[in-house]
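Breakdown of the fold
One letter stands for each residue in the lines below.
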Amino acid sequence: MSTAAFHISSLLEKMTSSDKDFRFMATSDLMSELQKDSIQLDEDSERKVVKMLLRLLEDKNGEVQNLAVKCLGPLVGKVKEYQVETIVDTLCANMRSDKEQLRDIAGIGLKTVLSELPPAATGSGLATNVCRKITGQLTSAIAQQEDVAVQLEALDILSDMLSRLGAPLGAFHASLLHCLLPQLSSPRLAVRKRAVGALGHLAAACSTDLFVELTDHLLDRLPGPRAPTSPAAIRTLIQCLGSVGRQAGHRLGAHLDRLVPLVEDFCNLDDDELRESCLQAFEAFLRKCPKEMGPHMPNVTSLCLQYIKHDPNYNYDSDEDEEQMETEDSEFSEQESEDEYSDDDDMSWKVRRAAAKCIAALISSRPDLLPDFHRTLAPVLIRRFKEREENVKADVFTAYIVLLRQTRPPKGWLEAMEEPTQTGSNLHMLRGQVPLVVKALQRQLKDRSIRARQGCFSLLTELAGVLPGSLAEHMPVLVSGRPHTRSTVITAVKFLISDQPHPIDPLLKSFIGEFMESLQDPDLNVRRATLAFFNSAVHNKPSLVRDLLDDILPLLYQETKIRRDLIREVEMGPFKHTVDDGLDVRKAAFECMYSLLESCLGQLDICEFLNHVEDGLKDHYDIRMLTFIMLARLATLCPAPVLQRVDRLIEPLRATCTAKVKAGSVKQEFEKQDELKRSAMRAVAALLTIPEVGKSPIMADFSSQIRSNPELAALFESIQKDSTSAPSTDSMELS
């Protein structure tokens, strides 16, 4: 017996133990063995492993059962085909068990086996053989009406099988179609839904004749005297057409002239779930068959425009009343509005969401109709920014963003605007929409929902990218409101700054001073957004800020100070944990200082600058990392002022280099401390390149400590090697 076979044999023996922990550990070890590429099982070992795992599927312990079923995945590729067929036979038999847990495990097992079968393209016939075995048993399980749980599991597996292995099942497609179609009339919604999904996957793989049979079946049951009277049955048929459209829409093109008018008619029935299904079907047709949908575009567009406003149970007040309501912030008024209106039975939001998604499909599938979309769709989408349901509002924003992206010119914005082309015309139309967009978003930026404000931010950012400068004249309006509005707008304007000359630059420069006053805003998020904006300007286009630094730097330096009033203690179980709410703003301020060092050195008072760098050397980990880098850079760029205060600068560097991590700390803490030490030692090495630095007694003492301490000496030597590999770095000496 080989070593591997002996090891497997000992694991199999442990799997028979009466102790569930022994069985679990042995199964876990077997899983590890099966995942090795090198493992080879002889015929006897194959048979024993398969038999044992199938037995453990019925184990009394759920954890052992779950692990055993996971083992089937890697096992499929390690055993002969007839063993795989044995596994499949057992799983299919277990699916008919009266024990629910065993049925569930069998279902998971079949899906696991299917996911590991080699594709037919590899020349293996295993997938076809297994599918042949499974298919017959699945169709009989689906056809029986007694046990719905078995039906549902079988439909799930069949859908999974068709999505992965549609082609190898070619010989079974006809029987599968005839098995699935009756399930569309099942009294149970869950059965109908799964049948719809499976038929979608079948439509993508079946022959043309079967596809025609499927579509004829669906269409024949929609119109005329044979049309089902049940709204649920109509919904199912429309949902099935939508599923076919999503999975195999390219094959539906020839049927659309017959199909679309029927769906249009059903869209006008007073049934919101049915309307949703109709609009979802249109979305699939538009995405998969945009050319064939051409003649139907006007009607579909009209339906979308009608139903994106479909909110029969809610009264949208006039703009003035709405504005007044939104500014009321008391808990009483919020509670009162919740009591007045309940969404529980209202399905109209699903119709509006489906209409918004359909509009997005309209815009993305027909870029040639952009001028029409700007005239017809854009104004309606902008008015619907007031949508009360968060999910729908997100899709309305998405649809307008799709319009913006389609409008973006392939080359420069300025050239496109000046050319008498359709692109130029689209951009001019978009410019005309900007005041309406700003007015509509003004209210949404005050929304309590973070998701709604993020949607506004995404839209403003996209608009600023397509039409640079278009938001500039509206800045005073946008920045006046509440802190969420200001931070969102400032962040959006940040994206207007590019590293290339641009016509918007003079306008930006005129607003920068006003924006930087937001550093005095009491809201932390506003101050952080303002610092990110300033950092972008300093980094990408320093000419915008150089003349304003005398006014800006005092505000910036103020943000580098630790504020005790922003530090709080929180209890985490038996421990107390300190939280510094001001850290993010402080870090953003130091990042601005780093950028200033690179691009505005001539405008800085280095002594004042060093005061704040010195404070940062004793701050939080992230800030220390930044200030160590800045100090190393200053030692090269401005050695004289650095030398004047080298004694004070060395102490925090020495403290970092000699710090010890607490015993028992996690691995990440050790790695973090090592990186901090390396960064501090780089700063020390940079200081050592300054002439006459050795005259400092503190520096001389620390140099001696580095030489005498093996750990510090090794770290210094490692830093030196890194530096000497870079050609521009001066050599550093410890003596």
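Refer to the structure above for everything that follows.
The residue numbers shown here count from 1 along each chain, following its written sequence. For a predicted model such as this one, the threshold for reporting local features is a pLDDT of at least 70, and the threshold for listing and counting side-chain atom pairs is 80 or more; totals across whole chains, interfaces and linings nevertheless cover every residue. Note that the side-chain values use all heavy atoms of the structure and ignore hydrogens as well as water.

1. A look at the pairing of strand β1 (residues 567-572)
Within β1, only 0 of the 6 residues are buried, which leaves it mostly out in the open. Here, a strand pair is defined by DSSP locating no fewer than two bridges between the strands. Every helix listed is a DSSP run of H or I at least four residues long, and every strand listed is a run of E at least two residues long, numbered separately from the N terminus. Hairpin connection from β1 to strand β2 (residues 575-580): 2 residues lie between these consecutive antiparallel strands, with Gly 573 at a positive phi of about 65°. Exposed residues in this analysis have more than 50% of their type's maximum accessible area, buried residues have under 20%, and partly exposed residues fall in between, with area computed by a 1.4 Å probe over protein chains only.

2. Considering the packing of helix α31 (residues 621-637) against helix α33 (residues 646-657)
Two measures define how a pair of helices packs: the angle their axes make with one another and the distance between the axes. All axes here are fitted lines through C-alpha atoms, helices being fitted over the stretch that makes contact, and every angle between N-to-C directions spans 0 to 180 degrees. At a closest axis distance of 12 Å, the pairing of α31 and α33 adopts a crossing angle of 130°. Judged by the angle between their axes, α31 and α33 are oblique. Crossing angle aside, the handedness with which α31 passes α33 is left-handed. Contacts from Arg 624, Phe 628 and Leu 631 in α31 reach Leu 649, Leu 653 and Thr 656 in α33. Each residue is assigned to one class: nonpolar for Ala, Val, Leu, Ile, Met, Phe, Trp, Tyr, Cys and Pro, charged for Asp, Glu, Lys and Arg, and polar for all the others, Gly among them. Taken together, the residues of the contact of α31 with α33 break down into 4 nonpolar, 1 polar and 1 charged. We call two directions roughly parallel when the angle between them is under 35 degrees, roughly antiparallel when it is over 145, roughly perpendicular when it lies between 65 and 115, and oblique otherwise. Take the far helix as the reference: if the near one is turned anticlockwise from it by less than a right angle, the crossing is left-handed, and if turned clockwise, right-handed. Contacts were defined at the residue level, with two residues in contact if any of their heavy atoms lie within 4.5 Å.

3. Focus on the environment of Pro 476
Position of Pro 476 among the secondary structure elements: in helix α24 (residues 475-479). Spatially, the C-alpha atoms of Pro 476 and Glu 514 are 9.3 Å apart, while their sequence positions differ by 38 residues.

4. Side note on the side chain of Glu 33
Within the element layout of this structure, Glu 33 appears in helix α2 (residues 20-34). Given a relative accessible area of 16%, Glu 33 falls into the buried group. Discounting residues that sit within four places of it in the chain, Glu 33 has contacts with His 7, Ile 8, Leu 11 and Ile 39.

5. Some details on unusual backbone geometry
You will see that Glu 692, though not glycine, has its phi angle at about 70°, which is positive. The residue Glu 692 is located in the loop between α34 (667-687) and α35 (697-708) in this model.

6. So, the packing of aromatic side chains
Here the aromatic set is Phe, Tyr and Trp, taking the six-membered ring for Trp, and pairing holds for ring centres within 6.5 Å; pairs whose planes are under 30 degrees apart are stacked, those over 60 apart are edge-to-face, and all others are tilted. A complete count under the given rule lists 4 aromatic pairs for this structure. With 5.1 Å between their ring centres and 65° between their planes, Phe 385 and Phe 397 make a pair best called edge-to-face. With Phe 385 in the loop between α19 (370-383) and α20 (390-407) and Phe 397 in helix α20, this pair connects stretches of sequence that are 12 residues apart. Overall, the relative accessible area of 3% leaves Phe 397 in the buried class. Seen in terms of ring centroids, Phe 385 and Tyr 400 are 5.7 Å apart; in terms of plane orientation they differ by 85°. Their pairing is edge-to-face. Here Tyr 400 lies in helix α20 and Phe 385 lies in the loop between α19 and α20, a separation of 15 residues in the sequence. A residue is classified by how much of its surface remains accessible, and Phe 385, at 0% relative accessible area, is buried. The criterion is that NZ of a Lys, or CZ of an Arg, lies within 6 Å of the ring centre and within 35 degrees of the ring normal, and then a charge sits over that ring. The ring of Tyr 314 carries Arg 388 above its face, with NZ or CZ at 4.7 Å from the centroid. When the ring centre of Tyr 621 is taken as origin, the NZ or CZ atom of Lys 672, which lies over that ring, is 4.9 Å away.

7. With respect to the nonpolar core
As used in this record, nonpolar core signifies buried Ala, Val, Leu, Ile, Met, Phe, Trp, Tyr and Cys residues forming a set joined through side-chain atoms within 4.5 Å. In terms of nonpolar packing, the biggest core is built from 233 residues, with Leu 75, Leu 117, Phe 282, Phe 385, Tyr 400, Phe 534 and Leu 687 touching the most fellow members. Sort the elements by how many residues they give to this core and helix α18 (residues 348-365) lands first, with 11 residues. Discounting chain neighbours no more than four positions away, the residues touching Leu 687 are Leu 631, Ala 635, Val 642, Val 646, Ile 650, Leu 653, Val 693 and Met 699.

8. What to know about the environment of Glu 100
Locating Glu 100 in the fold gives a position in helix α6 (residues 100-116). Counting along the chain gives 50 residues from Glu 100 to Val 150, while the straight-line C-alpha distance between them is 9.2 Å.

9. Re the pattern of salt bridges
Within this document, salt bridges are pairs made up of a side-chain nitrogen of Lys or Arg and a carboxyl oxygen of Asp or Glu, the two lying within 4 Å of each other. According to the stated counting rule, one finds 41 salt bridges in the structure shown. For Asp 581, the salt bridge goes to Arg 568, with nearest N and O atoms at 2.7 Å. Highlighted residues: Asp 581 in the loop between β2 and α29 (583-599) and Arg 568 in strand β1, separated in sequence by 13 residues. Shared partners join several salt bridges into a network, and the residues in it are Asp 311, Asp 346, Arg 352, Arg 384, Glu 387 and Arg 388.

10. Examining the packing of α31 against α34
Relative orientation of the contacting elements α31 and α34 amounts to 20°, with a least axis distance of 8 Å. Relative to α34, the element α31 is oriented roughly parallel. Between α31 and α34 lies a crossing of left-handed hand. Residues Tyr 621, Arg 624, Met 625, Phe 628, Ile 629, Leu 631, Ala 632 and Ala 635 of α31 touch α34, and the partners they reach there are Lys 672, Glu 675, Leu 676, Ser 679, Ala 680, Arg 682, Ala 683, Ala 686 and Leu 687.

11. Overview of α20
What a helix is expected to span follows from its residue count: subtract one and scale by 1.5 Å. In this model α20 runs 26 Å from its N-terminal to its C-terminal C-alpha over 18 residues, within 8% of the 26 Å that 1.5 Å per residue would give. If you check which residues of α20 are buried, you get Val 392, Lys 393, Asp 395, Val 396, Phe 397, Ala 399, Tyr 400, Ile 401, Val 402, Leu 403, Leu 404 and Thr 407.

12. Focus on the pairing of β2
Where β1 and β2 come together, 6 bridges link them in antiparallel fashion. Residue pairing in the sheet places Val 570 in a bridge with His 577 of β2.

13. A few points about the environment of Ile 39
Structurally, the position occupied by Ile 39 is in the loop between α2 and α3 (43-56). Residues Ile 39 and Lys 78, 39 residues apart in the sequence, show an inter-C-alpha distance of 8.0 Å. If we ignore the near neighbours within four places in the chain, the residues touching Ile 39 are Ile 8, Glu 33, Leu 34 and Lys 78.

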